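As a plain string of letters, each chain reads:
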Amino acid sequence: MKNSRISRRQMMAASSVGVLASCAGWPLSSFGLSVRSENELALLGGRPIRTKGWPEWPVWDKNIEPKIADMYRTGNWYRNTGKYCEEFESRYAKLVGAKHCLATASGTTALTIALHASGVDAGDEVLVSPFTFIATYNVVFNAKALPVFVDSDPETFLLDPAKIEEKITERTTAILPVHIYGLPCDMDAINSIAKKYHLKVVEDACQAWSAKYRGKNAGMLGDLGCFSFQNSKHLPAGEGGAIVGNDEKVMDFCRSYHDCGRHHGSIRSASKYPIRGNNYRMQHVQALILMSQLERFETDAELREQHAAYLDSKLKGIPGIIPYKPVPGAEKAAFHLYPFRYRKEDFNNISKETFIKALRAEGIPVRPGYGRQNKDGLIEEALRSRGYRRLFGTRRLNKWRDENHLPGNDQLVEEAVTLYQNVLLTTKNDMDDVVNAIAKVYENRSRLESK
Ligand SMILES: Cc1ncc(COP(=O)(O)O)c(C=O)c1O
């Protein structure tokens, strides 16, 4: 029974790579792969598929050095006296098709500002994706609001819009969808629910710089969009972030709030500080680095997309390896990481941990996706605090705990595996190393202990 299922999948894989004629010794040959089956797994002492390294990240550019030195010598390092942050803002606004962009100290600060500008206040509830980095819900806690997790769709890796409405209460003020790994969320569905319940939509586009959905860039699909330029990101500057939007007044508010509440644009009054604020400013050195990184950004994005499509086409033929499914309307993903799901049932029940170890031993840098963030320790720490008990009351907090079950997300956490983005910045032959290594582990699955 099992064999016949595998053969059918192999046939599909083989036809997708056009090597059906060479299916002499299955299974690797039927994937169009070059691994010799007598080659022992590297984890068990065999020769690894790849001994060569992968490109370094981030990539630095010598041309930027004189500009950084000049800026340094002027002493104009502070955002409000120099010019580079503004220059970067106008370039980034153009890149994503926004009327306005505000550069910030980080993605976390961008999200904090955007939530405040969207009216999220103490005692409110914000609907968030659970398959994400902690910053997405830390910023909700920073606003003294309650993050309410909406289950993920394991097939898309994204917030499942069908699970949103059941989580809305009279306190819900905003939805914070995350385009995780740069995969665009189902924004039509999210926006239509937001409209129905008068909610704001703040996009966590911190990993989605070049992603596109129905002709628009990620970050421009809700009310405000937030990006990160932390060192691992596709536009890296050590730290950095940005908010984009088209509403001038809201963006003026963001600008004032990020600058200690100072006057900016339409945010004026007799006082020099018309609103509450904080210091979330970017520095010029970050802006200069970012502008140098913009030079390579689009070429890199194209290469990642091309190689991700190539991997999809090959990997979908290996039993137990499931590439992500794009939502309707998704036109381009950024692939901050390249994600796929690993179904251990097809791999002799070897754990994901062992699968990852085996691939790393073959020279392929993979890692698991996010953990069960909805059970993160920091959440209980917040919920038990005096402030949260006062703001929400024990009954609401207990209800939150009772309802904190996300079966779709649990499955995704179990199965998600990711490949580092710099791996995609290579050649088709290098992509074959990835495919060959996964196929080699598959072929040798019975040699690994199942758990
Ligand atoms: C999905 C997501 N949201 C928010 C952030 C926060 O960005 P930063 O690290 O720039 O504060 C990150 C950064 O890793 C992220 O990946």
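Residues numbered from 1 in each chain as written. Predicted model: local features only at pLDDT ≥ 70, side-chain atom pairs only at ≥ 80, totals over all residues.

Some thoughts on the overall build of the protein chain
The number of helices and strands found in the protein chain is 13 helices and 16 strands. Rg of the C-alpha trace for the protein chain: 24 Å, near the compact-globule value of 22 Å for 451 residues, within the 12% margin. Seen through its principal axes, the protein chain has C-alpha atoms that stretch 80 × 60 × 35 Å. The 451 residues of the protein chain split such that 49% are buried. For the protein chain, the proportion of contacts with a sequence separation of at least 24, taken over those separated by at least 6, is 69%. (Helix = DSSP H or I, 4+ residues; strand = E, 2+ residues; numbered from the N terminus. Rg over C-alpha atoms; globule rule 2.2 N^0.38 Å. Buried ≥ 20, exposed ≤ 12 C-beta atoms within 10 Å, placed from the backbone. Contact = placed C-beta atoms within 7 Å.)

Brief notes about the sheet that holds strand β10 (residues 224-228)
The strands making up a sheet associate through hydrogen bonds between their backbones, and the pairing can be parallel or antiparallel. The sheet built from seven strands is open, its strands ordered β1-β11-β10-β7-β6-β2-β3 with mixed pairing. Bordering the open sheet on either side are β1 (100-104) and β3 (146-149), each of which pairs with just one other strand. Direction aside, the axes of adjacent strands within the sheet are offset by 25 degrees on average. As paired strands, strand β6 (residues 172-176) and strand β7 (residues 200-204) are joined by two bridges and run parallel to one another. Its bridge partner lying in β7, A174 is registered against K200. (Pairing = 2+ DSSP bridges. Axes fitted to C-alpha atoms, helices over the stretch in contact; angles between N-to-C directions.)

Overview of the pairing of strand β2 (residues 125-128)
A two-sided burial pattern is seen for β2, the buried positions comprising E125 and L127 on one face and V126 and V128 on the other. Where β2 and β3 come together, four bridges link them in parallel fashion. Across the sheet, residue E125 finds its bridge partner in β3, namely L146. Crossover connection from β2 via helix α5 (residues 135-142) to parallel β3: handedness right-handed. In this structure, β2 lies alongside β6, joined through four bridges in parallel fashion. Across the sheet, L127 pairs through a bridge with I175, a residue of β6. (Right-handed = clockwise from strand over helix to strand, strands pointing away.)

Brief notes about the sheet that holds strand β9 (residues 216-217)
Read across the open sheet, the three strands follow the order β9-β8-β13; overall the sheet is antiparallel. Edge positions in the sheet fall to β9 and β13 (330-332), since each of these pairs with one other strand and no more. Where strand β8 (residues 212-213) lies against β9, two bridges are found, and the strand directions are antiparallel. Looking at β9, one finds that Y213 is bridged to K216.

A word on the packing of helix α8 (residues 284-315) against helix α13 (residues 428-443)
Helices that pack against each other are described as a pair by the angle of their axes relative to one another and the distance between those axes. Running from N to C, α8 and α13 cross one another at 30 degrees; their axes reach a closest spacing of 10 Å. As α8 packs across α13, the resulting crossing turns out to be right-handed. Along its contact with α8, which presents H307, Y310, L311, K314 and L315, the element α13 presents K428, M431, V434, V435 and I438. Split into classes, the residues belonging to the contact of α8 with α13 amount to seven nonpolar, one polar and two charged. (Left-handed = near helix turned anticlockwise from the far one by under 90°. Nonpolar A, V, L, I, M, F, W, Y, C, P; charged D, E, K, R; others polar.)

Remarks on the site of the ligand
Around the ligand sit 14 residues in total, of which S106, G107, T108, C206 and S228 are the nearest. Contributing elements (two or more residues each) for the shell around the ligand: α4 (107-117) and α5. Grouping the amino acids of the shell around the ligand by side-chain chemistry returns four nonpolar, nine polar and one charged. (Near = placed C-beta within 6 Å.)

What about the packing of helix α2 (residues 65-74) against α8?
Relative orientation of the contacting elements α2 and α8 amounts to 165 degrees, with a least axis distance of 10 Å. Relative to α8, the element α2 lies roughly antiparallel. Considering the relative orientation of α2 and α8, their crossing is right-handed. Residues K67, I68 and M71 of α2 touch α8, and the partners they reach there are H284, V285 and L288. Residues that form the contact of α2 with α8 fall into these classes: four nonpolar, one polar and one charged. (Parallel < 35°, antiparallel > 145°, perpendicular 65-115°, else oblique.)

Here's the deal with the pairing of strand β11 (residues 241-245)
In terms of burial, β11 is a largely internal element, five of the five residues being buried. Where burial is concerned, the two faces of β11 agree: the one with G241, I243 and G245 and the one with A242 and V244 are both buried. Of the strand pairs in this sheet, β1 and β11 are connected by five bridges, and their pairing is antiparallel. Each residue of the ladder has a partner; that of A103, found in β11, is A242. When β10 meets β11, the two strands line up antiparallel, connected through four bridges. The residue bridging S228 from the neighbouring strand is G241, located in β11.

So, the nonpolar core
In terms of nonpolar packing, the biggest core is built from 127 residues, with A114, C226, I243, C254 and I438 touching the most fellow members. Both domains that meet at this core, namely domain 1 (2-57 + 297-370 + 412-447) and domain 2 (62-293), each give it at least three residues. Among all residues touching C254, those that are not within four sequence positions of it are L102, I113, A114, A117 and I243. (Core = buried A, V, L, I, M, F, W, Y, C linked by C-beta atoms within 7 Å. Domains from an automatic or database assignment.)

Quick notes on the domain arrangement of the protein chain
Interfaces are frequently sized by the accessible area removed from exposure as the parts join. The domain boundaries assigned to the protein chain delineate domain 1 (2-57 + 297-370 + 412-447) and domain 2 (62-293). Between domain 1 and domain 2, the C-alpha centre-to-centre distance is 33 Å. In this complex, domain 1 contributes 25 residues to the contact, which on the side of domain 2 involves 27 residues. A class-by-class count of the residues in the side of domain 1 that touches domain 2 yields 14 nonpolar, five polar and six charged.

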